[in-house]
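An overview of the molecular structure
The residues making up each chain are set out below.
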Amino acid sequence: MNALQAAWRLLWAGLRGLSGDDAYDRYLSHLHACHAGTAPLGRRAFYEAELDRRWKQVNRCC
Amino acid sequence: MANGRLMRAVAWTAIAVAGASAVGGIALHRGESINALWFVVAAVCTYLIGYRFYSGWIAARVCRLDATRATPAERLDNGRDFMPTHRSIVFGHHFAAIAGAGPLIGPTLAAQFGYLPGTLWLLVGAVLAGCVQDMLVLFCSTRRDGRSLAHLARDELGRFGASAAMLGTLFIMIILMAVLALVVVKAMAHSPWSTSTVFATIPIAIVVGIYLRHLRPGRVMEATAIGIVLLLGAVAAGGWVDSHPAIRAWFDLDARALAWFVIAYGFVAAILPVWLLLAPRDYLSTFIKLGVVFLLAIAICVLQPDVRMPALTRFIDGTGPIFSGALFPFLFITLACGAISGFHALVASGTTPKLIARETDVRMVGYGSMALESFVAIMALIAACVLDPGVYFAINTAAGVVGADPATATATITAWGFPVEPVQMEALAARMGEVTLYGRTGGAPSLAVGMAHIFGSAFGEGLFAIWYHFAIMFEAIFILTVLDAGTRVGRFMVQDALGSLWPPLGQTSWYPSVWIASILVCAGWGYFLYIGVIDPNGGINILWPLFGMANQMLAAIALAVVTAIFVKSGRLRYAWVPGAPLAWLVTVTSVAAWQKITSDDPRMGFFAAARDLADKLAAGLLSPERAAVAPKLIVNQQLDGWLTVVLLIIVWTIVIDMARGCWQHVSGRRPARDTEAPYVATQLT
């Protein structure tokens with residue numbers, strides 16, 4: 001059962017990482033680790049800023 | 001220890017033997033049909049061998065990848081674009097970025113030569129050229145703070161190289177968007193089911209966009225799950241629309257109306273905020289794309305369909321009905337994306353290198369993703385080749401080539417040696433929930449029929465129409481994403497260029513500038529789309545080779561940059577690794593461009609076609625409908641001819657410039673400027 005649970009967790013974490021679902025969590029932990037004291041962006045502000053950055057360059061091919 | 005090495009040697013020998021037998025089996029087989037599993041085995045073994053040995057050698061000897069060297073993601077970590085990320089996640093992101101409609105459409109069109117040429121070039125091209133390009137560009141960019149291809153070109157080849165890379169990128173995007181838009185328009189024309197399903201994807205994406213921004217910001221998984229359920233509902237609802245006489249008429253649109261709709265849509269989508277339409281649809285299309293690729297692989301392995309296309313067809317001589325041109329060089333132009341794609345160099349320099357946590361990950365991400373992309377192309381080739389060859393040609397050949405009525409079309413195709421009956425085509429169309437499947441050029445409908453055939457047989461008979469329209473929706477959804485995203489990126493490039501003429505036009509958030517630049521980009525691809533739609537020969541026969549040449553040219557620019565870097569960074573003896581594919585690409589692109597410019601055959605040469613049409617128009621030989629569009633087609637053929645001339649000049653200027661720079665360095669006349677970021681030891685554990 002434990003092995004099954006561990007496999008599910010790994011799959012779930014992988015899906016979240018691939019889809020970008022965990023982007024905000026990773027941003028918070030990065031901010032906490034490297035720039036402690038900086039006020040973090042809110043969830044929505046972070047999401048908007050990320051989209052804006054991502055779609056200003058070629059990130060989809062033919 | 002010795003035991004382990006022996007086991008590994010035995011395993012790799014077995015893979016090599018299996019792969020060689022499968023490739024040999026495919027190449028030498030001359031029967032009625034051949035099992036598709038042979039292709040899967042040949043492909044997987046070839047990629048494994050290429051990955052294990054060639055990419056391993058490149059990583060260790062050529063690039064000298066160093067796991068102790070801190071990557072830009074670590075050194076410049078800002079928690080946003082620069083961020084060390086686990087390699088399997090980077091692999092997923094990179095693959096999702098490079099895998100588009102190209103590797104699905106190219107092999108479908110190239111199947112007119114038979115299954116063998118396409119299969120061999122997809123395997124050889126990917127292992128020796130495409131994967132190598134992606135890996136080396138990723139490596140060079142990772143060693144240079146994740147710089148873009150244009151930036152690398154400016155550093156290595158000077159300002160002209162950078163301008164050529166920029167111009168090439170903009171050009172290839174315009175042609176790419178036109179050709180992909182044409183594919184969607186052709187798939188939707190007079191197909192209420194497809195049209196209503198594709199239209200429904202727009203409000204669905206908006207619902208998902210609102211959910212992601214306002215209701216549950218950034219919860220991509222939840223929003224994607226909702227969106228996918230809605231999309232599947234839209235596919236089923238399309239069947240209902242199709243069966244309802246009054247509602248059906250609303251969505252029964254001709255290609256011209258759809259072309260105008262797609263152009264207007266591209267403009268609106270490009271100026272709307274990304275969160276509303278572009279980003280949510282991209283989340284949906286990425287999930288569906290990965291899901292379909294995975295399902296198709298399983299279905300092919302479970303069902304093991306028979307490939308009915310012959311190994312080689314008579315059309316290798318250049319008389320093909322889907323696109324003109326002999327096997328050499330047009331196979332290599334048509335199959336662009338699954339074997340080598342210059343566009344990948346833009347993702348491999350820019351987004352991906354900023355996420356690489358360890359330099360050694362470059363091998364898996366760069367080489368591995370491209371091998372997987374090539375595998376997608378092999379599956380698309382299988383899907384095209386499991387169709388009866390007669391059916392394949394009936395779907396993919398324009399009415400202008402084989403005749404508009406079913407009896408003439410089937411008689412012409414049967415006379416080519418690919419028997420097909422009108423009854424067979426009617427039954428197939430009815431099974432797929434379509435009125436007709438004749439002359440549905442562009443590759444999407446025949447791929448959808450092939451996929452419906454494979455999925456329907458593997459996962460339940462009787463749902464063919466649903467699978468067919470699911471496949472059309474699947475292609476349309478990421479083609480529309482490319483249209484929005486491409487128009488947006490094109491807009492930034494145009495704004496950048498306009499800004500140097502008059503600074504206010506360079507402000508990316510100033511509305512007049514946004515509007516002007518977006519209109520310019522949409523007008524660019526919209527023009528080619530519109531001409532493609534009114535062309536009685538289908539349009540794809542002109543646009544796809546133009547796209548293929550532009551794409552291979554961009555790959556040549558990328559490989560020229562890498563070769564220059566190699567020569568200047570003490571890797572002269574390995575310069576052939578990027579240099580050999582570069583020489584091949586320059587040869588292929590030049591021969592193709594030369595034929596397109598100088599050929600006297602109106603089916604082949606752009607200028608010859610313009611002259612031929614002008615003569616026929618002057619002599620009054622054209623029907624009234626054809627005469628009405630002839631002046632536009634003549635101008636377009638001439639424009640395409642001149643664009644090809646420009647392409648040829650750009651490629652050769654870049655190559656000569658690169659060779660001159662390398663010679664100056666080798667002969668000691670000019671010392672190399674080290675463009676690599678200095679070594680910093682990694683702190684990652």
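Residues numbered from 1 in each chain as written. Chains lettered and ligands numbered in written order. Predicted model: local features only at pLDDT ≥ 70, side-chain atom pairs only at ≥ 80, totals over all residues.

1. Here's the deal with the overall build of chain B
For the record, the criterion: The secondary structure listing takes helices from DSSP runs of H or I that are at least 4 residues long and strands from runs of E that are at least 2 residues long, numbered from the N terminus. Computation of the radius of gyration draws on C-alpha atoms, with the globule rule given as 2.2 Å multiplied by the number of residues to the power 0.38. For every residue, the other C-beta atoms within 10 Å of its own C-beta are counted; 20 or more classify it as buried, 12 or fewer as exposed, and values in between as partly exposed. C-beta atoms are placed from the backbone. Contact criterion: two residues are in contact if their C-beta atoms, reconstructed from the backbone, are within 7 Å.
Helices and strands together make up the secondary structure of chain B, namely 27 helices and two strands. Scaling as 2.2 N^0.38, a compact globule of 685 residues should have a C-alpha radius of gyration of about 26 Å, and chain B matches this with 25 Å. Counting only C-alpha atoms, chain B reaches 70 × 70 × 60 Å along its principal axes. For chain B, the residues scored as buried account for 57% of the 685 residues in total. Long-range pairs, those at least 24 residues apart, make up 81% of the contacts in chain B with a sequence separation of at least 6.

2. Observations concerning the overall build of chain A
Looking only at helices and strands, one finds three helices and zero strands in chain A. From first element to last, N terminus to C terminus, chain A shows the α and β order α-α-α. Its C-alpha atoms give chain A a radius of gyration of 15 Å, more than 25% over the compact-globule value 11 Å for 62 residues. In terms of overall dimensions, chain A has C-alpha extents of about 45 × 40 × 20 Å along its principal axes. Residues classed as buried in chain A amount to 23% of the 62 residues present.

3. A closer look at the interface of chain B and chain A
One widely used convention gives an interface's size as the accessible area the parts lose upon coming together. Each partner contributes to the interface: chain B provides 42 residues, whereas chain A provides 30 residues. Looking at the side of chain B that touches chain A, the elements with two or more residues in it are helix 4 (87-98), helix 9 (220-243), helix 12 (278-303), helix 15 (344-348) and helix 22 (464-501) of chain B. Considering every element that reaches the side of chain B that touches chain A, the biggest residue donor is helix 22 of chain B, with six residues.

4. So, helix 17 (residues 389-396) of chain B
Judged by how many residues are buried, helix 17 of chain B sits mostly within the fold: eight of eight residues are covered. Of all the positions in helix 17 of chain B, only Pro389, Gly390, Val391, Tyr392, Phe393, Ala394, Ile395 and Asn396 of chain B are classed as buried.

5. What about the packing of helix 12 of chain B against helix 16 (residues 361-385) of chain B?
Residue and element names in this part refer to chain B. Applicable threshold: Whenever a helix is involved, its axis is fitted only over the stretch in contact; in every case the axis is a line through C-alpha atoms, and angles between N-to-C directions fall within 0 to 180 degrees. Orientation is classified from the angle alone, with under 35 degrees giving roughly parallel, over 145 giving roughly antiparallel, 65 to 115 giving roughly perpendicular, and any other angle giving oblique. We call a crossing left-handed when the near helix sits turned anticlockwise from the far one by less than a right angle, and right-handed when that turn is clockwise. Basically, the charged four are Asp, Glu, Lys and Arg, the nonpolar ten are Ala, Val, Leu, Ile, Met, Phe, Trp, Tyr, Cys and Pro, and anything else, Gly included, counts as polar.
Viewed as axis vectors pointing N to C, helix 12 and helix 16 meet at an angle of 55 degrees, and their least axial separation amounts to 11 Å. The pairing of helix 12 with helix 16 is recorded here as oblique in orientation. The hand of the helix 12/helix 16 crossing is left-handed. Two secondary-structure elements touch here, helix 12 through Val293, Leu296, Ala297 and Ile300 and helix 16 through Val376, Met379 and Ile382. Residues belonging to the contact of helix 12 with helix 16 are distributed by class as follows: seven nonpolar, no polar and no charged.

6. Concerning unusual backbone geometry
Residues and elements named next belong to chain B. In this chain, phenylalanine 328 is followed by proline 329 through a cis amide linkage whose omega measures 5 degrees. Looking at the element boundaries, proline 329 is found in helix 13 (residues 327-334). The residue arginine 64 is not glycine, and still its phi comes out positive at about 50 degrees. Following the sequence through the fold, arginine 64 ends up in the loop between helix 2 (37-62) and helix 3 (72-75). One non-glycine residue with positive phi stands out, namely aspartate 145, at about 60 degrees. Within the secondary structure layout, aspartate 145 lies in the loop between helix 6 (115-142) and helix 7 (149-188). On the neighbour-count criterion, aspartate 145 (17 C-beta atoms within 10 Å) is partly exposed.

7. Some remarks on the environment of leucine 278 of chain B
Tracing the backbone shows leucine 278 of chain B in helix 12. Residues leucine 278 of chain B and leucine 372 of chain B, 94 residues apart in the sequence, show an inter-C-alpha distance of 25 Å. Leave out the neighbours within four places in its chain, and leucine 278 of chain B touches Trp55 of chain A together with Ala269, Thr481, Asp484 and Ala485 of chain B.

8. Digging into the confidence of the model for chain A
Heads up, the condition is: For every residue, the pLDDT score states the predictor's confidence, bounded by 0 at the bottom and 100 at the top.
In the predicted model, chain A carries a mean pLDDT of 88, and the fraction of residues at 70 or more is 100%. Per-residue pLDDT, averaged within each element of chain A, yields its smallest value for helix 2 (residues 23-34) of chain A (87) and its largest for helix 1 (residues 2-19) of chain A (91).

9. Observations regarding the confidence of the model for chain B
Per-residue pLDDT for chain B averages 93, and the proportion of residues at 70 or more is 100%. As scored by the predictor, the complex reaches a pTM of 0.95 and an ipTM of 0.93.

10. Re the environment of threonine 313 of chain B
Residues and elements named next belong to chain B. Take threonine 313: it is sitting in the loop between strand 2 (306-307) and helix 13. By C-beta crowding, threonine 313 is classed as buried, having 21 other C-beta atoms within 10 Å. Discounting chain neighbours no more than four positions away, the residues touching threonine 313 are Gln112, Phe113 and Gly114.

11. Notes on the environment of leucine 253 of chain B
Residues and elements named next belong to chain B. The topology assignment puts leucine 253 in the loop between helix 10 (245-251) and helix 11 (255-271). It is 52 Å that separates the C-alpha atoms of leucine 253 and threonine 360, two residues lying 107 residues apart in sequence. Those residues in contact with leucine 253 that sit more than four places away from it in its chain are Thr195 and Leu258.

12. A closer look at the packing of helix 16 of chain B against helix 21 (residues 444-458) of chain B
Residue and element names in this part refer to chain B. The geometry of helix 16 relative to helix 21 is characterised by a closest axis approach of 8 Å and an angle of 85 degrees between their N-to-C directions. Classified by the angle their axes make, helix 16 and helix 21 are roughly perpendicular. Where helix 16 approaches helix 21, its residues Ala380, Ala383 and Ala384 are matched on the opposing element by Ser446, Leu447, Gly450, Met451 and Ile454. The residue inventory of the contact of helix 16 with helix 21, partitioned by class, reads six nonpolar, two polar and no charged.

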